[in-house]
Amino acid sequence: MVTVPDKPIVLLGFMGSGKSTLGKQLATAIGWSFLDLDRFIEAEENRLITEIFERSGEASFRLIESKALLKVLKYPRQVIAIGGGTPCQTGNMQIIKENSQSVYLKVSPLQLLHRLSFSTTPRPLLKGKTEPETLSLIEEMMVNREPYYSQADIIIESDAITARSILSQIEWLTRDEG
Ligand code: S3P
């Protein structure tokens, strides 16, 4: 039987790192609910992420995203997949660290490119880019984002991460708590 503290588990990492897929598996494994921050925002705003980017711009999306983060972190026993840019907005990584057990799913740029090419989720930041352009953008954004992502409590560095490996690491990290 897996025992982890009740604090929400936040999965973070670049677009295409598997936060939602793994988050759902993880939540099922421990009997918690799963929440995807982007889907939460869409439900609250009653419009798609792409529409928010197109009509209101990225800066406006980031404000909505940071407010939504504060809201969802209030509930225990939830696995939350946040957006790739969420931890990189001012103050958000600290909020995540104080209110959750954070896990960074670290995936290589080439593997991300591969996964994103099969993804059906629209990503406004990558829209209209060729494959080489997308790879350079991923590499460039990674340099800026890594300092935030790497503050997570747990870093899982693998292109083949499983829900089980995340759980073992959380169990190990929190073995003397809760
Ligand atoms: C973004 C990632 C997206 C979404 C938005 C911006 C980013 O979420 O929040 O398109 O800045 O990396 P996913 O990481 O779930 O794709």
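Structure: see above.
Per chain, residue numbering runs from 1 following the sequence as it is written. Whole-chain, interface and lining totals are the exception, using all residues; otherwise, since this is a predicted model, local features are given only for residues with pLDDT of at least 70 and side-chain atom pairs are given and counted only at 80 or more. To get the side-chain values, all heavy atoms of the structure are used, and hydrogens and water are removed first.

Points about the sheet that holds strand β3 (residues 78–81)
Hydrogen bonds between backbone atoms are what pair the strands of a sheet, whose relative direction is either parallel or antiparallel. As summarised here, the arrangement of the five strands in space is β2-β3-β1-β4-β5, forming an open sheet in which the pairing is parallel. Looking at the sheet topology across the chains shown, the edges are occupied by β2 (33–36) and β5 (154–157). Averaged over all neighbouring strand pairs, the angle between strand axes comes to 20°, with direction disregarded. In terms of strand pairing, β2 meets β3 through four bridges, oriented parallel. In the strand pairing of β3, Asp36 is matched with Ala81. Each pair of strands is called paired provided DSSP finds at least two bridges between the two strands. Numbered from the N terminus, helices here are DSSP runs of H or I no shorter than four residues, and strands are runs of E no shorter than two. Axis definition: a line fitted to C-alpha atoms, over the contacting stretch in the case of helices. Angles run 0 to 180 degrees between N-to-C directions.

So, the site of the ligand
Only heavy atoms are used to decide nearness, and a residue is near a molecule or strand if one of them lies within 4 Å of it. Around the ligand lies a shell of 13 residues, among which Lys19, Asp38, Arg62, Arg123 and Arg145 are the nearest. Any pair of N or O atoms that falls within 3.5 Å is considered a polar contact. Within protein, one atom must be able to donate a hydrogen and the other to accept it, and sequence-neighbouring residues count only if both atoms are side-chain atoms. Here Gly85 contributes a backbone N or O atom positioned 3.3 Å from an oxygen atom of the ligand. Here the accessible surface of atoms and residues is derived via Shrake-Rupley with a 1.4 Å probe, and residues count as covered only by protein chains that are part of the display. Computed on the free molecule, the ligand has an accessible area of 390 Å², of which 95% lies beneath the protein chains in the complex. The class makeup of the residues in the shell around the ligand is five nonpolar, three polar and five charged. Classes in brief: Ala, Val, Leu, Ile, Met, Phe, Trp, Tyr, Cys and Pro nonpolar; Asp, Glu, Lys and Arg charged; the others, Gly included, polar.

Topic: the environment of Thr90
Within the secondary structure, Thr90 is located in the loop between β3 and α5 (92–99). Of the residues examined, Thr90 reaches a relative accessible area of 82% and is grouped as exposed. Along the chain, Thr90 and Glu131 lie 41 residues apart, while their C-alpha atoms are 30 Å from each other. Three labels apply to residues, based on accessible area from a 1.4 Å probe with only protein chains included: buried if under 20% of the type maximum, exposed if over 50%, partly exposed otherwise in between.

As for the nonpolar core
One broad rule of soluble globular proteins: the nonpolar side chains tend to lie buried together. Only buried residues count toward a nonpolar core. Its members are Ala, Val, Leu, Ile, Met, Phe, Trp, Tyr and Cys residues joined through side-chain atoms within 4.5 Å. Residues Ile9, Leu12, Val103 and Ile166 are the most contacted members of the largest nonpolar core, which totals 52 residues. It is helix α7 (residues 131–149) that provides the largest number of residues to this core, a total of six residues. When residues no more than four places from it in sequence are discounted, the contact partners of Val103 are Ile9, Val10, Leu11, Leu12, Ala152, Ile154, Ile156, Ile166 and Ile170. Here, two residues are considered to be in contact whenever any of their heavy atoms come within 4.5 Å of each other.

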